[in-house]
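What follows is each chain in one-letter form.
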Amino acid sequence: MIGVGLLGLGTVGSGVHQILTNKRDYIKRKLGEEIIIQKILVKDVTKKRKYHVDNFLLTDKFEDVLKDSAIQVIVELIGGEEPSFSYIKEAIKRGKHIVTANKLIMAKHGEEIVRLAEENSVKVYYEGSVGGGIPIIKTLNESLVANKIERIYGILNGTTNYILTQMTEKKVDFKDALKEAQNLGYAESDPYFDVSGLDSAYKISILSSLSYETFVDVDSLYIEGIERIEPEDIEIADELGYVIKLLAIGKRLENDKLDIRVHPTFVPKNNPISRINGVYNVVQIHGDTVGEIMMYGQGAGEMPTASAVVADIIEVAKNIKYNISNGLINNLQPHTLVSIDEVENPFYIRLMVNDKPGVFAKIAKVLGDNNVSIASVIQKHRLTPVVPIFLRTHPVKEKYLNQAASELSMIDDVREIKNIIRVEEL
Ligand code: NDP
Ligand code: HSE
């Protein structure tokens, strides 16, 4: 019998409890062992729960879980940095194996946690931390292990993909779409993490660390969220043959520098990533021997995430007697990140300008003076005296584009630079 202590009984914890309870016999048959939840830590033991939970399992004291000798595996599903980080460390020191879906902790403290786990001869599994139900971590650690990974493109946040899809297909406004995502249990307890791109950054940092045998510090990444995306950007993207996605990118460049970033991106409609909608996530990976592979599935939500977490619990149970490495800190190599200033992309720029002769000439001059070459221009909806202009540039380094943008904002007839979005010709 494998004893499990659950920390957290919210969206994901409830899903895990449901699977382990309802599929107890099925899991026993497959594993040859029973997995039993011994204790569940929650914040409020009196709270009304979505599903029936035996009261005697609930506690609001971490010590009750930590000190229970029948518990071999602690499953952390509280989220956030503290107290989760401390609980995980204490549990490891007590010789408990860890399963977590906490990307913040694995991205920021994964190296320390895995090292501590190795010192204490326990395992740490974190499949649920990236891509919800998509088994991407196992795929990188095991199935693609013979590959030198060259690039990763991902939609790694279900909440923002759901919001962008609702804004695109149903013309729902940003706030209402976010509220729906929260009601569906996709969003973090503070949805700032989703909307700001941070959640995606934690996830691409985990995938890049595994792929490039290094430890990527999330604080050094370029991160931009979807807060500034407006219906006008979505409409013009569509007209130009693109869909706006919050893309997480992790590339190994020819000089072995790493280019890792998260930002809204114009994705060409002929790339399958553009068609991944709603809460679905996708990871497209290019390895030197396998070529291109793509995995997609529900990236958030109770049951898809619980599927990954329970798979980890079963993996711990199966491998408890083998010395299988955790992957994250094996032969870590130093790396150099390419500065965002040096990254070259085509850009889309949306400006509000005074509708009068000579304005476009001034804009074109500033762009030309800064090595920014224009690929196309659209002017629409005559809202005299101010009109929107949509520009698409040829590939240019960010530093030139930023300098041009700063000079454009000083032209009197440029009333506002509404948005600048990178285009990725995947
Ligand atoms: P919820 O906010 O739904 O649940 C959190 C749970 O933790 C609740 O049961 C809460 O107790 C308990 N809790 C909160 N603070 C404390 C505390 N200080 N001490 C003890 N218990 C506490 O979170 P989710 O289930 O959505 O997320 C859990 C983890 O899974 C996070 O790391 C998240 O990033 C990750 N994740 C979530 C996904 C999703 O779709 N939601 C998908 C993939 C990963 P109480 O019930 O009493 O309030
Ligand atoms: N809030 C996250 C998302 C949960 O929306 O993708 C899954 O990690």
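Being a predicted model, the structure only gives us computed values, none of them experimental.

K.L.:
Help me out: how do you make sense of the packing of aromatic side chains in this one?
P.N.:
Aromatic ring pairs: the centre-centre distance and the angle between the two ring planes describe each pair. In total, this model carries seven aromatic pairs according to the counting rule given. The interplanar angle of 70° and the centroid separation of 5.7 Å between the aromatic rings of tyrosine 162 and tyrosine 186 together place this pair among those described as edge-to-face. Of the two residues, tyrosine 162 is situated in helix α7 (residues 158-169) and tyrosine 186 in the loop between α8 (174-183) and α9 (192-195); the sequence distance between them amounts to 24 residues. Exposure remark for tyrosine 186: the relative accessible area of 16% places this residue in the buried category. Seen in terms of ring centroids, tyrosine 280 and tyrosine 296 are 5.5 Å apart; in terms of plane orientation they differ by 40°. Their pairing is tilted.

K.L.:
Please clarify how the site of ligand 1 should be interpreted in this entry.
P.N.:
Not every one of the 25 residues close to ligand 1 is listed here, only the nearest: Leu9, Arg49, Lys103, Glu188 and Gly301. Measuring from a nitrogen atom of ligand 1, one finds a backbone N or O atom of glycine 185 at 3.0 Å. With the chains in place, 84% of the 910 Å² that ligand 1 exposes on its own is no longer accessible. A breakdown of the residues in the shell around ligand 1 according to their chemical character gives ten nonpolar, nine polar and six charged. Formed jointly, the shell around ligand 1 draws a minimum of three residues from each of two domains, domain 1 (2-132 + 302-322) and domain 2 (136-299).

K.L.:
How should I be thinking about the domain arrangement of the protein chain in this particular structure?
P.N.:
What the domain assignment reports for the protein chain is domain 1 (2-132 + 302-322), domain 2 (136-299) and domain 3 (341-423). Each of domain 2 and domain 3 has a C-alpha centre, and these two points are 26 Å apart. Between domain 2 and domain 3, the contact holds 18 residues from the first and 16 residues from the second. The contact between domain 2 and domain 3 buries some 1,500 Å² in all, and 52% of this surface belongs to carbon and sulfur atoms. For domain 2, the biggest contributors to the area lost against domain 3 are Arg228, Ile236 and Phe266; these three give 32% of the whole. At the boundary of domain 2 with domain 3, the tally comes to three salt bridges. Between aspartate 233 and arginine 350 there is a salt bridge, and its shortest N-O distance comes to 2.6 Å. The interface formed by domain 2 and domain 3 includes ten residue pairs in polar contact (both at pLDDT 80 or more). Of all the secondary-structure elements, those providing two or more residues to the side of domain 2 that touches domain 3 are α11 (231-240), β9 (242-252) and β10 (258-268). A per-element tally of the side of domain 2 that touches domain 3 places β10 first, with six residues.

K.L.:
Help me understand the sheet that holds strand β4 (residues 73-76), please; the structure alone is not making it clear to me.
P.N.:
Reading across the sheet, the six strands line up as β3-β2-β1-β4-β5-β6 and stay open at both edges, with parallel pairing between neighbours. Bordering the open sheet on either side are β3 (58-59) and β6 (124-125), each of which pairs with just one other strand. Sheet topology note: the β4/strand β5 (residues 97-100) ladder contains four bridges and is parallel. Bridging from a neighbouring strand, valine 73 pairs with histidine 97 of β5. Running at roughly 150° to strand β2 (residues 35-41), helix α1 (residues 11-22) makes contact with β1 (2-7) and β2 of the sheet. Those strands touched by helix α12 (residues 302-319) are β1, β2, β4, β5 and β6, and its axis lies near 160° from that of β5.

Here is what the cut-offs are and how they apply
- Residues numbered from 1 in each chain as written.
- Chains lettered and ligands numbered in written order.
- Predicted model: local features only at pLDDT ≥ 70, side-chain atom pairs only at ≥ 80, totals over all residues.
- Heavy atoms only, no water.
- Phe/Tyr/Trp six-rings, centres within 6.5 Å; stacked < 30°, edge-to-face > 60°.
- Helix = DSSP H or I, 4+ residues; strand = E, 2+ residues; numbered from the N terminus.
- Buried < 20%, exposed > 50% of the residue type's maximum accessible area, 1.4 Å probe, protein only.
- Near = heavy atom within 4 Å.
- Polar contact = N/O pair within 3.5 Å; in protein donor to acceptor, adjacent residues only side chain to side chain.
- Areas by Shrake-Rupley, 256 points an atom, 1.4 Å probe, with all protein chains shown as cover.
- Nonpolar A, V, L, I, M, F, W, Y, C, P; charged D, E, K, R; others polar.
- Domains from an automatic or database assignment.
- Contact = heavy atoms within 4.5 Å.
- Buried area = accessible area lost by both parts, 1.4 Å probe.
- Salt bridge = Lys/Arg side-chain N within 4 Å of Asp/Glu carboxyl O.
- Pairing = 2+ DSSP bridges.
- Axes fitted to C-alpha atoms, helices over the stretch in contact; angles between N-to-C directions.

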